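Read off the chains here:
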Amino acid sequence: MTILMPAQRTAVDVTSITVCYGPVTAVHSASLHAEPGEVLAVTGHSGAGKSSLLWAIAGAVELAAGSVAVAGTPVAGRESAVRAGVTLIPQGNGLAAVLTAYENILVPLLAAGIPSGEADRRCREVLEAVGLGESWRHLVEELSGGQQQRVAVARGLAMDAPVLLADEPTSELDHDNRERVLALLRSQATRGAAVVVATHDPEAAALCDHEVHLDDGVLERLR
């Protein structure tokens with residue numbers, strides 16, 4: 001896959017953030033730094049707050065306290081995160097069922113102002129990269145859970161973002177496709193992106209450069 005180099009090397013700084021849903025605290029005073037060119041794993045059991053942490057970095061949830069900055073610029077909501085170059089691969093894929101695999105990747109690219117020819121090229125390249133080059137015309141409902149997850153990963157890769165957040169990107173995948181996706185996420189870091197991966201898979205975490213662990217919303221740096 002042809003990789004576009006990001007315009008700048010973009011670091012993510014999360015400082016003492018707290019995320020609450022009513023009386024429930026999902027993330028409590030968490031801080032982390034994600035460096036461009038590296039892959040950071042966020043581990044923890046289901047419900048530990050991993051998704052909430054990634055959504056906070058993506059500007060998609062309101063902070064009760066603390067701050068998030070990308071390349072030194074504060075993130076204040078989803079629009080500012082998008083402008084800063086943050087792309088999120090959500091857990092549960094977030095695909096539009098009425099669109100094909102190809103269209104699910106194409107539409108966000110066009111919405112981001114990517115010219116149609118370049119958008120088409122990126123769509124085809126990322127679908128090939130995740131092993132779905134022959135399934136591009138299939139509607140989402142015609143794909144298996146693992147195939148849908150790979151389309152969601154491909155959609156994130158196609159953005160060539162300086163910051164890529166991946167929430168449990170291998171949870172539905174067999175061994176070979178898991179290895180394929182992890183290699184593609186690594187390739188994003190190699191081109192200079194800051195990559196943050198939320199995972200409960202210890203083998204996937206071990207392949208990352210650094211690891212932080214969430215336990216009931218409390219963050220601890222492991223390595």
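An account of the accompanying structure is given in this report. Just so you know, these numbers come straight off a predicted model, no measurement behind them.

1. A word on the overall build of the protein chain
A tally of helices and strands in the protein chain yields seven helices and ten strands. Each principal axis of the C-alpha atoms in the protein chain carries an extent, and together these give about 45 × 35 × 35 Å. Among the 223 residues that make up the protein chain, the fraction classed as buried is 51%. Contacts in the protein chain between residues far apart in sequence, at least 24 positions, make up 67% of those at least 6 positions apart. Separation between the mean location of the 16 positive side-chain charges and that of the 27 negative ones in the protein chain comes to 5 Å.

2. Looking at the pairing of strand 4 (residues 65-70)
Pairing of strand 1 (residues 12-21) with strand 4, which is carried by five bridges, proceeds in the antiparallel orientation. Among the inter-strand pairings, Asp 13 is bridged to a residue of strand 4, identified as Ala 69. Pairing between strand 4 and strand 5 (residues 73-74): two bridges, direction antiparallel. What sits directly across from Val 70, in strand 5, is Thr 73.

3. Structural notes on the packing of aromatic side chains
Applying the stated criterion across every chain, the model contains one aromatic pair. Between Tyr 102 and Trp 136, the aromatic rings sit 5.4 Å apart at their centres with planes inclined by 70°, giving edge-to-face as the arrangement. Here the residue Tyr 102 occupies a position in helix 3 (residues 101-111), and Trp 136 occupies one in the loop between helix 4 (116-129) and helix 5 (145-158), the gap between them amounting to 34 residues. A cation over a ring is seen here: Arg 124 above Trp 136, with NZ or CZ 4.8 Å from the ring centre.

4. A short note on the environment of Ala 161
As for its placement among the helices and strands, Ala 161 is situated in the loop between helix 5 and strand 7 (163-167). Along the backbone, Ala 161 and Thr 87 are 74 residues apart, and their C-alpha atoms lie at a distance of 6.1 Å. Once residues within four sequence positions are removed from consideration, Ala 161 is found in contact with Gly 85, Thr 87, Arg 191 and Ala 193.

5. Brief notes about the pattern of salt bridges
Evaluation of the coordinates by the stated rule reveals twelve salt bridges. With its nearest N and O atoms 3.0 Å apart, the salt bridge here joins Glu 118 to Arg 122. Note that Glu 118 and Arg 122 are positioned in helix 4 at a spacing of four residues, about one turn of the helix. Residue classification places Glu 118 among the partly exposed positions, given a relative accessible area of 23%. Among the salt bridges present, the one from Arg 122 reaches Asp 160, with a minimum N-O distance of 3.7 Å. Of this pair, Arg 122 sits in helix 4 while Asp 160 sits in the loop between helix 5 and strand 7, and the two are 38 residues apart along the sequence. Assigned by exposure class, Arg 122 and Asp 160 land together as buried.

6. Some thoughts on the nonpolar core
Ile 105, Leu 109, Val 130, Val 151, Leu 157, Leu 185 and Val 195 are the most contacted members of the largest nonpolar core, which has 37 residues in total. Looking at this core, the elements that each hand over two or more residues are strand 3 (39-43), helix 3, helix 4, helix 5, strand 7, helix 6 (175-190) and strand 8 (194-198). Take this core: its biggest share by element is six residues, from helix 5. Those residues in contact with Leu 109 that lie beyond four places of it in its chain are Ile 114, Ala 119, Arg 122, Cys 123, Ala 158 and Met 159. Among the nonpolar cores identified, the runner-up in size contains 31 residues, and Val 27, Leu 40, Val 163 and Leu 219 belong to it.

Rules used in this analysis
- Residues numbered from 1 in each chain as written.
- Predicted model: local features only at pLDDT ≥ 70, side-chain atom pairs only at ≥ 80, totals over all residues.
- Heavy atoms only, no water.
- Helix = DSSP H or I, 4+ residues; strand = E, 2+ residues; numbered from the N terminus.
- Buried < 20%, exposed > 50% of the residue type's maximum accessible area, 1.4 Å probe, protein only.
- Contact = heavy atoms within 4.5 Å.
- Lys, Arg positive; Asp, Glu negative; His and termini not counted.
- Charge placed at Lys NZ, Arg CZ, Asp CG, Glu CD.
- Pairing = 2+ DSSP bridges.
- Phe/Tyr/Trp six-rings, centres within 6.5 Å; stacked < 30°, edge-to-face > 60°.
- Lys NZ or Arg CZ within 6 Å of the ring centre and 35° of its normal.
- Salt bridge = Lys/Arg side-chain N within 4 Å of Asp/Glu carboxyl O.
- Core = buried A, V, L, I, M, F, W, Y, C linked by side-chain atoms within 4.5 Å.

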